[in-house]
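Below, each chain spelled out in residue letters.
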Amino acid sequence: MSSLHDDAVRSRFAATAQGVAEHAAKQVDGVREELRDFLPLTGEERAVDSGTGAGVLALALAPLVREVVGVDLVPELLAAARANAPPNATFVEGDATKLPFESYSFDLAGSRRTLHHIARPELAIAELARVTRPGGLLFVDDQIAPSDPLAALALDRFERARDPSHARTLPDIDLRHYFEANDLVVVRTQFRTHRRELGYYLDLAGCRGEDAERVRALSPGGPESYVAETGWYLVRKPG
């Protein structure tokens, strides 16, 4: 049964699918080069991208692995991903907290900029772990909340006002707890800061007009931009 939050995700991304797809297409090549350095791939992996959206992670991985499957709730985004997909990349509709695959189906299970859209991110991590074979790898990329709880609260207030599909930005410690709860071992991390120009960032979420002005007033970095931190995690499932 679809939750109210899932419906908000579908509605938001259906309405903004064209802009999201255009944004995604610009990112694929750069993400691929970064993944090439970050992930120890052989080229023979079967991979899954949970919450693929318009397919950035899946399409970035496609030339680096044998096969990749992208999963998302939003048909409009899946259609955009399929339009640019090579033969070894397929896209299916599904829920990140209930992946439509058997256990131990993949050598690599990944999620990019998705967990903050999921009301129960611990279930999404558990599903990534379930579908990964023993000895396989997980890759997670998401925005990281400040360790100061008041700053984290302010960030989420801003993000939810900008984008009703936003659930919660996770701090590093929560992600590590979710990995530990699934007996996963963190192999490598990488943290970065990004300056986000609010005009583009608001427009990407379909936040315009009076709504945009109201949201600008909530921005943690002022009305023109703010600095976001993202984390990359390479995690191994014990074999």
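If you're wondering where the values come from, they're calculated on a predicted model, not measured in any experiment. (Residues numbered from 1 in each chain as written. Predicted model: local features only at pLDDT ≥ 70, side-chain atom pairs only at ≥ 80, totals over all residues. Heavy atoms only, no water.)

A. Expanded view of the sheet that holds strand β7 (residues 225-236). Across the sheet, which stays open at both edges, the 7 strands sit in the order β3-β2-β1-β4-β5-β7-β6 with mixed pairing between neighbours. Each having just a single partner strand, β3 (89-93) and β6 (185-197) make up the two edges of the open sheet. Going across the sheet, the axis of each strand differs from the next one's by a mean of 15°, ignoring polarity. Contacting β1 (46-50), β4 (106-112) and β5 (132-144), helix α5 (residues 121-131) runs over the sheet at an angle of about 150° to β5. (Pairing = 2+ DSSP bridges. Helix = DSSP H or I, 4+ residues; strand = E, 2+ residues; numbered from the N terminus. Axes fitted to C-alpha atoms, helices over the stretch in contact; angles between N-to-C directions. Contact = heavy atoms within 4.5 Å.)

B. Looking closely at the side chain of Gln143. Counting through the fold element by element, Gln143 comes out in strand β5. Reaching out from Gln143, the side chain makes a polar contact with the side chain of Arg196 at a distance of 2.8 Å. At 3.3 Å, the side chain of Gln143 and the side chain of Tyr226 are in polar contact. Setting aside chain neighbours within four positions, we find Gln143 in contact with Leu155, Glu159, Thr169, Leu170, Arg196, Tyr201, Tyr226, Ala228, Glu229 and Thr230. (Polar contact = N/O pair within 3.5 Å; in protein donor to acceptor, adjacent residues only side chain to side chain.)

C. Up close: the pattern of salt bridges. Going through the model one piece at a time under the given rule, you end up with 21 salt bridges. Between Arg162 and Asp163 there is a salt bridge, and its shortest N-O distance comes to 3.9 Å. For the pair Arg162 and Asp163, one class covers both residues: buried. Between Arg216 and Glu213 there is a salt bridge, with the nearest N and O atoms lying 3.7 Å from each other. In this pair, Arg216 and Glu213 both sit in helix α9 (residues 209-216), 3 residues apart, roughly one turn of the helix. Given the relative accessible area of 19%, Arg216 is considered buried. (Salt bridge = Lys/Arg side-chain N within 4 Å of Asp/Glu carboxyl O. Buried < 20%, exposed > 50% of the residue type's maximum accessible area, 1.4 Å probe, protein only.)

D. Geometry of the layout of surface pockets. The volume enclosed by the second largest pocket comes to roughly 150 Å³. Around the second largest pocket, the lining residues are Ala15, Thr16, Gln18, Gly19, Glu22, His23, Lys26, Tyr200, Asp203, Leu204, Gly206 and Arg208. Mapped by element, the contributors of at least two residues to the lining of the second largest pocket are α2 (17-38) and α8 (198-204). When residues in the lining of the second largest pocket are grouped by element, the largest group, 5 residues, is from α2. (1 Å grid on protein atoms, 1.4 Å probe; cavity = no way out; pocket = protein on both sides within 12 Å on 5 of 7 lines; lining within 4 Å. Points joined across faces, edges and corners; volume = space filled by probe spheres on them.)

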